[in-house]
Amino acid sequence: MPTIYQWRLCAFISIILFSGCIETNQSFKTLELEKTQILKDLANRSDLSKTLKNSKTDTLSLESVSGSVYEYFQNPTETIAIDSVLNTELNIGYSDQYIWNVNQSKMLKVRLRNYNGLLVPPTFRIKPGDLLRVKLNNNLPVLTDNVSCDPFGHKHGDFADSCNQKNPATFNTTNLHTHGLHVSPKDSSDNVLVHIAPTCDFQNHILLPDNHPQGTFWYHAHVHGSTAVQVSSGMAGAIIIEGGLDTLAEIKAAEEKIFVLQQIPYTYDSANNVYSVEDFDASFGPGTWAKGVEENGWRTTINGQTYPIIQMKSGEVQRWRFIHAGVRESLELQLEGHTMHEIALDGISLGRMESKDSIQMEPGYRSDVLVKANLVSESDTVFLIDREAPKDASLLQEYESPKVLAIVIISPEVNDMPLPTSNQLKPYAPFKSISSNELEPPIQKVWFNIDINSSPTCFTVNDQPFSMDNPPRKLLLNSANEWIVTSNFVNHPFHIHVNSFEIFKIKKANGTIQEFDPPIWKDTYLIMQNDSVHMRSRYENFDGEFVLHCHILDHEDQGMMELVKIVKSEDVLSSINQKELLTSGIAFCGPTQ
């Protein structure tokens, strides 16, 4: 009797033959061929086939240090706050990991920088009002002479040529950013201006406000110059702030799955006979990820896994928390034959449920969705795919081929669960919309650019590559501004630390206007070339210095970042004339028109 995989395999082969497709030795040139290969692999594993039919195993925790292929979906391990304090250490060093290469159909050993020797570090699970105490121990090799363990003594962005900011000497220097958290950017809190050199350590103390939004956030390394290399090695993990939506009965009953979506651009180092992420130009830059996917067998992994297998019962509802911890590719997530019901963006509850055919994910984005499995009379296999993206709709204006990310097996055993209603979700929206009456001048203007006529190519915010010598953009504590963010060349995900923003309008490059009613709250948003994104932000609770930047992290490392400083009103008034503050767009946000 043929197995379900063999029936599905026959169906896919029929489709391919009917459409005239012929498989070549170039692996997975079409999504159908990739699915066919997956089903063939599953059909050939009778042990797995039998296990999938009979297993009622709950979601596992990721205990191994390496990735896997065709294994059950595994959440990362967790570190949980005790008595309102999460106290942990992240030991930073090299470790050998194993990543499935889809072109070679085998595991490759890849030498990567990691936290605690894990391809995917622990999820931090905390609540509003908790203290996050994370000690960073940097055990990476020393790359420069005269190492200083003074975390505040290094000047970020100090380069002889401001347009040439690639510096391998910084690759082993690190720190910690809690992406999306509304916390202090000063001292030992979410301070990305500190640097922890090799052989040094640093104790972070990050205190969440009592009214902090509950949702999906993440942490990652963030030293200017090493961010892309370290995050692309796996130095990124989830932060779950509990409460809020979690208490709603329909959501509380749903099994939770955390998806840390990684894009590891490893290359072969022939001199050392090892795969690694050490060659900046080979791992990043125009065309590298798309070429790596097609020619080198790279894939977006989920918690270090390739093609993880998700089990659902007929009618079951699960909560999937997506975290785009990658660097250089858009993800358009679609579960075949299913609708995904989005309930939160970037850790912020929407206050409603938006039912979508697919979920757009750009680097830095988070999305919480509810997935209700179809009612089936016999076991069904469907795929979570990253849909095709044409050049004009992709992150880097490069064609992105469709790919399978995960396998979902729906059993006929019925567990018909209800979805919440938008009325039930409405009370959980955490932020009051910013009215025009709250806004103070000037309008904050940001424009990203890559000057390809410069030698070397120059990555800028408001025509300036990053430097600590540049005067920071100054914002008033307990005030709110309108922001207009644009990109002069290609697309860039805009991210700002400490305070989220509310998007209410986009003026498209073609002159059309997209209104958001209601507006959406986010901390990261893709700015398409020549679009003008209109947003509002209020600055509460915390003063201090931090940054805004492009979240294509190699762009940030090369200079597409700007220093921001929230100051108390008396500090501003002592440094700049009030009339100048209200009328000048140049000192704070560039040209006024």
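Residues numbered from 1 in each chain as written. Predicted model: local features only at pLDDT ≥ 70, side-chain atom pairs only at ≥ 80, totals over all residues. Heavy atoms only, no water.

With respect to helix H2 (residues 31–43)
Part 1: The end-to-end C-alpha distance of H2 is 18 Å, a good match for the 18 Å that 13 residues give at a rise of 1.5 Å each.
Part 2: Taken residue by residue, H2 has Leu31, Leu33, Glu34, Lys35, Thr36, Gln37, Ile38, Leu39, Leu42 and Ala43 as its buried positions. (Helix = DSSP H or I, 4+ residues; strand = E, 2+ residues; numbered from the N terminus. Expected span 1.5 Å × (residues − 1). Buried < 20%, exposed > 50% of the residue type's maximum accessible area, 1.4 Å probe, protein only.)

As for the sheet that holds strand E11 (residues 215–220)
Part 1: Spatial ordering of the open sheet is given by E4-E7-E12-E11-E9, a layout of 5 strands whose pairing is mixed. In this open sheet, the two strands that pair with only one neighbour each are strand E4 (78–80) and strand E9 (177–179). Recorded for the sheet is a direction-independent mean angle of 25° between the axes of neighbouring strands.
Part 2: In the sheet, E9 pairs with E11 via 3 bridges, with the strands oriented antiparallel. Considered in E11, the bridge of Thr178 is made with Tyr219. (Pairing = 2+ DSSP bridges. Axes fitted to C-alpha atoms, helices over the stretch in contact; angles between N-to-C directions.)

Description of the confidence of the model for the protein
Part 1: When pLDDT is averaged along the protein, the result is 88; 87% of the residues meet or exceed 70.
Part 2: In the predicted structure, residues 9–28 sits below a pLDDT of 50 and forms 23 contacts with residues beyond four places in sequence or in another chain.
Part 3: Residue range residues 573–593 is modelled with pLDDT below 50. Its contacts to residues more than four positions away, or to other chains, number 27 contacts. (pLDDT = per-residue confidence, 0-100. Contact = heavy atoms within 4.5 Å.)

Looking at the packing of aromatic side chains
Part 1: Scanning all chains against the criterion turns up 18 aromatic pairs.
Part 2: Between Phe280 and Phe284, the ring centres sit 5.1 Å apart and the planes meet at 50°, which makes this aromatic pair tilted. Accessibility assignment for this pair places Phe280 and Phe284 in one class, buried.
Part 3: Consider the rings of Trp483 and Phe494, whose centres lie 6.3 Å apart with planes at 50°: the pair is tilted. In this pair, Trp483 is assigned in strand E30 (residues 480–487) and Phe494 in strand E31 (residues 492–496), connecting sequence segments 11 residues apart.
Part 4: Overall, the relative accessible area of 1% leaves Phe494 in the buried class.
Part 5: Sitting above the plane of the Tyr365 ring, Lys522 keeps its charged end 3.8 Å from the centroid.
Part 6: Just above the ring of Phe504 sits the side chain of Arg536; from NZ or CZ to the centre is 4.2 Å. (Phe/Tyr/Trp six-rings, centres within 6.5 Å; stacked < 30°, edge-to-face > 60°. Lys NZ or Arg CZ within 6 Å of the ring centre and 35° of its normal.)

Comments concerning the state of the cysteines
Part 1: With the rule as written, the count across this model stands at 2 disulfides.
Part 2: A sulfur-sulfur distance of 1.9 Å marks the disulfide that ties Cys149 to Cys200. Across the disulfide from Cys149 to Cys200, rotation about the S-S bond amounts to roughly -80°, and the bridge is consequently left-handed. Residue Cys149 is located in the loop between strand E8 (131–138) and E9, and its partner Cys200 is located in the loop between E9 and strand E10 (201–207); the two are separated by 51 residues in the primary sequence.
Part 3: Residue class for Cys149 comes out partly exposed when judged on its relative accessible area of 47%.
Part 4: In the protein, the bonded cysteines, taken in the order they occur along the sequence, pair up as 1-3, 2-4. (Disulfide = S-S within 2.5 Å.)

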